[in-house]
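Secondary and tertiary structure notes
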Amino acid sequence: MLHWGYEEDNGPSRWKEIFPIANGDRQSPIDIQTQQTKYDPALRPLYPNYDPTSAKVILNNGHSTSVEFDDTENKSVLRGGPLTGSYRLRQVHFHWGPSDDLGSEHAVDGTKFAGELHVVHWNADKYSTFVEAARQPDGLAVLAVFLKLGECNSQLKTITDHLDTIKVKGKQRRFTNFDPSCLLPHSLDYWTYLGSLTVPPLLESVIWIVLREPINVCSEQLAKFRNLLCTGEGEAAFCLLKNFRPPQPLRGREVRRN
Ligand SMILES: C[C@H](CNC(=O)c1ccc(S(N)(=O)=O)cc1)Cn1ccc2ccccc21
Ligand SMILES: [Zn+2]
């Protein structure tokens, strides 16, 4: 396998050949069985506090599209929830599928959504860089929001309207004055569990915070994500039609809810 991806020959079922942690005991995503989740009164409300000027670029890295933030200081942070201290905003990215009936990474009682938004933060209180934090069990915190097929999302429009300018892998464009809070649902109620990155190197360093309320997205907006290319300039063009990893074994982990 030359480079990991989401096709038959380099997709999730083969990642273990290069990243053996793929069979680890805290892998993500998972299928959240709501009846097995445990209410924890110690869990606090979530406090996202993002400065829109910290948004820098929107890019196509070949396996998703992400908005990258300036994380050289604590300008945009997430506090509260299951977290100790503050976690610094690094990037926001999306997962989607080849059709509107699947595309999310996490599932709820076996049900998948059309897509999933990930807001990625790292523990800058304890570690000095994102890459260092990404190797620690409490290094990262990812806020996941389900994209439910429905009406077009006017907030998501600012992202989907930019995608044709970064169609090719490796393309990026200046993208600022963007506060990812605008993509969050009304309720910040959540499930939380200890897991991993859902793409290689699949590091087991993520405190997952999955919001229970989805945001809506329409078919036309999902189609724009699928038009992104996973191939670079001058290569034979292949569309990134899906970029989700299927749910992984729970291995006895607990899923708590606030
Ligand atoms: C992980 C990092 C690149 N990947 C990510 O930043 C990342 C963030 C969130 C998710 S998700 N879908 O779980 O929210 C997935 C990937 C580079 N990097 C950092 C340490 C490190 C070590 C070896 C190779 C690359 C490395
Ligand atoms: Zn992700």
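Calculation criteria
Residues numbered from 1 in each chain as written. Chains lettered and ligands numbered in written order. Predicted model: local features only at pLDDT ≥ 70, side-chain atom pairs only at ≥ 80, totals over all residues. Heavy atoms only, no water. UniProt positions renumbered as here; feature names shortened; annotations may be inferred. Helix = DSSP H or I, 4+ residues; strand = E, 2+ residues; numbered from the N terminus. Buried < 20%, exposed > 50% of the residue type's maximum accessible area, 1.4 Å probe, protein only. Contact = heavy atoms within 4.5 Å. Areas by Shrake-Rupley, 256 points an atom, 1.4 Å probe, with all protein chains shown as cover. Lys, Arg positive; Asp, Glu negative; His and termini not counted. Charge placed at Lys NZ, Arg CZ, Asp CG, Glu CD. Donors = N, O, S within 2.8 Å, 3.2 Å for Na, K, Ca; no water. Tetrahedral: all angles 85-135°; square planar, octahedral: opposite > 155°, others 65-115°. Near = heavy atom within 4 Å. Polar contact = N/O pair within 3.5 Å; in protein donor to acceptor, adjacent residues only side chain to side chain. 1 Å grid on protein atoms, 1.4 Å probe; cavity = no way out; pocket = protein on both sides within 12 Å on 5 of 7 lines; lining within 4 Å. Sits in = over half its atoms within 2 Å of the grid points. Pairing = 2+ DSSP bridges. Disulfide = S-S within 2.5 Å.

Per an unreviewed UniProt entry, the chain carries the name Carbonic anhydrase and comes from Pogona vitticeps. Here the chain is described in UniProt, under the heading Cofactor (unreviewed entry), as follows: "Zn(2+)". Turning to the chain, the UniProt record has this under Catalytic activity (unreviewed entry): "hydrogencarbonate + H(+) = CO2 + H2O".

Digging into the overall build of the chain
Within the chain, the regular secondary structure consists of 3 helices and 15 strands. Across its three principal axes, the chain shows a C-alpha extent of roughly 50 × 40 × 40 Å. A total of 258 residues make up the chain; the buried ones form 52% of that total. Taking all contacts inside the chain whose residues are at least 6 apart in sequence as the whole, residues at least 24 apart take part in 72%. For the chain, the exposed surface amounts to about 11600 Å²; the carbon and sulfur share of it is 52%. Counting 29 positive and 31 negative side-chain charges, the chain places the centres of these two groups 2 Å from one another.

As for the coordination of the zinc ion (ligand 2)
Between any two of four tetrahedral donors, the ideal angle at the metal is 109.5 degrees; between two of six octahedral donors, it is 90 or 180 degrees. Donor atoms from the polypeptide that bind the zinc ion (ligand 2) are His-93 (NE2), His-95 (NE2) and His-118 (ND1), placed at 1.9 to 2.1 Å. Considering all 4 donor atoms around the zinc ion (ligand 2), angles at the metal cover 98 to 116 degrees and the coordination shape is tetrahedral. Counting the intervening residues between successive donors of the zinc ion (ligand 2) yields the motif H-x1-H-x22-H. Note that His-93 is positioned in strand E7 (residues 87-96) and His-118 in strand E9 (residues 115-122), a separation of 25 residues in sequence. The residues His-93 and His-118 share a single accessibility class, namely buried.

Focus on the site of ligand 1
As a matter of local geometry, ligand 1 sits amid 16 residues, with His-93, His-95, Phe-130, Leu-197 and Thr-198 nearest to it. Separating a nitrogen atom of ligand 1 from a side-chain N or O atom of Thr-198 is a distance of 2.8 Å. Within the complex, the protein chains bury 73% of what would otherwise be the 580 Å² of accessible surface of ligand 1. At a threshold of 2 Å from the grid points, most atoms of ligand 1 map onto the largest pocket.

Section: the pairing of strand E4 (residues 55-60)
Along any regular strand the residues' side chains alternate between the sheet's two faces. Most of E4 sits out of view: 5 of its 6 residues are buried. Alignment of E4 against strand E5 (residues 65-69), held across 5 bridges, turns out to be antiparallel. What sits directly across from Ile-58, in E5, is Val-67. Strand direction decides the pairing type here: E4 and strand E11 (residues 172-174), joined by 3 bridges, are antiparallel. Counted as the bridge partner of Ile-58 is Arg-173 from E11.

Quick look at the state of the cysteines
Scanning the model with the defined rule gives 1 disulfide in all. Paired through a disulfide, Cys-152 and Cys-218 show a sulfur-sulfur distance of 2.1 Å. Judged by the sign of its S-S torsion, about 90 degrees, the bond between Cys-152 and Cys-218 is right-handed. Taken together, the residues Cys-152 in the loop between strand E10 (140-149) and helix H2 (157-160) and Cys-218 in the loop between strand E14 (215-217) and helix H3 (219-226) connect sequence positions 66 residues apart. Look at Cys-218 and you get buried, because its relative accessible area is 3%.

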